[in-house]
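Chain by chain, the residues:
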Amino acid sequence: MKTILIVDDHTMFINGLKLLLSSLPGYEVAGVASNGQQALDQLVETPVDILLMDVNMPVLNGYQTTFLVRERFPEVKIIILSMLADELSVSKLLEAGAHGYLFKNADEDELFEAFDTVTQGHIYITKEIRDKVLPAKMAQFKMDDSIKLSSREVDIARLIMEGLTNIEIAEKLFLSVRTVETHRKNILAKLNLKNTASLVKYLMENKPFLDL
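Structural notes, computed from the coordinates. (Residues numbered from 1 in each chain as written. Predicted model: local features only at pLDDT ≥ 70, side-chain atom pairs only at ≥ 80, totals over all residues. Heavy atoms only, no water.)

### Here's the deal with the overall build of the chain
In terms of regular secondary structure, the chain is built from 10 helices and 6 strands. In the chain, buried positions account for 45% of the 212 residues. Partitioning the intrachain contacts of the chain with sequence separation of at least 6 by distance along the chain shows that 60% fall at a separation of at least 24. Surface summary for the chain: the accessible area is close to 10,900 Å², and the carbon and sulfur share equals 53%. (Helix = DSSP H or I, 4+ residues; strand = E, 2+ residues; numbered from the N terminus. Buried < 20%, exposed > 50% of the residue type's maximum accessible area, 1.4 Å probe, protein only. Contact = heavy atoms within 4.5 Å. Areas by Shrake-Rupley, 256 points an atom, 1.4 Å probe, with all protein chains shown as cover.)

Okay, structure coming up:
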């Protein structure tokens, strides 16, 4: 059973959403919070699988909370639930680390689709704005060929995300350890990153756009 934390400062909306979510098999609401700070506090005490969150809230808004949750609780999937429809707002939330974006009028079928999509490691954006936002996001990677990973680098990046060491990667791909080390350095250089920790974070956030 996947657990959900709802973060919104409107009680009536939360109550309606809880009722809607009660019909989804395999998912249950584990808690509610009225702002980002409350959500962070609750995640310390009660970890959840999915954070379903509004953008405009007091204390900590959706942008701030998304960034902090990704930093402190990287395993939590964040789905934004808002009525903001402009590309800039959605793109900013994706860049902060959100895994999904839905409008507040989403029905149970779209909620279920979004939950399944993000828990499988992909990005979900509501159909109404998907064609506008995803091409723009992917264009960031297509504009500069210097960050395009080779097929071998993609293979190694996948294994790095799984936590394998250079020796384990070398054994799995039938390469020398030195070759793996070279590929790892090249990946870091292409993505302008300094260490493995920042690499794993980057790959997890952007894997739908890097063909991982």
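### Some details on the pairing of strand 2 (residues 27-33)
For strand 1 (residues 2-7) and strand 2, the ladder comprises 6 bridges, and the chain directions are parallel. Note that in strand 2 the partner of Leu5 across the bridge is Gly31. Handedness of the crossover is the feature at issue here: the chain leaves strand 1, passes through helix 1 (residues 11-21), returns alongside strand 2, and the resulting connection is right-handed. (Pairing = 2+ DSSP bridges. Right-handed = clockwise from strand over helix to strand, strands pointing away.)

### Describing the sheet that holds strand 2
In any sheet, the strands associate via hydrogen bonds between backbone groups, in a parallel or an antiparallel arrangement. Ordered by their spatial adjacency, 6 strands build an open sheet running 2-1-3-4-5-6, and the pairing between neighbours is parallel. Each edge of the open sheet carries a strand with a single partner, namely strand 2 and strand 6 (124-125). Inspection of the sheet shows strand 4 (residues 77-82) paired to strand 5 (residues 100-103) by 4 bridges, in the parallel sense. Pairing of Leu81 across the sheet is with Leu102, part of strand 5.

### Here we look at helix 7 (residues 151-161)
Of the residues making up helix 7, those classed as buried are Glu153, Val154, Ile156, Ala157, Leu159 and Ile160. Gly163 sits one or two positions beyond helix 7 and adopts a positive phi of about 90°.

### Some points on the pattern of salt bridges
Enumeration according to the criterion identifies 6 salt bridges in this entry. Lys104 is paired through a salt bridge with Asp54; the nearest N and O atoms lie 3.2 Å apart. Taken together, the positions of Lys104 in the loop between strand 5 and helix 5 (108-119) and Asp54 in the loop between strand 3 (50-53) and helix 3 (62-72) put the pair 50 residues apart, joining distant regions of the chain. Among the residues examined, Lys104 registers a relative accessible area of 24% and is labelled partly exposed. The partner of Arg152 in a salt bridge is Asp155, and the shortest N-O contact between them spans 3.8 Å. Taken as a pair, Arg152 and Asp155 lie in helix 7 at a separation of 3 residues, close to a single helical turn. For Arg152, a relative accessible area of 30% corresponds to the partly exposed category. The exposure class of Asp155 is partly exposed, given its relative accessible area of 27%. Several salt bridges share partner residues, and in doing so they unite Asp8, Asp54 and Lys104 into one network. (Salt bridge = Lys/Arg side-chain N within 4 Å of Asp/Glu carboxyl O.)

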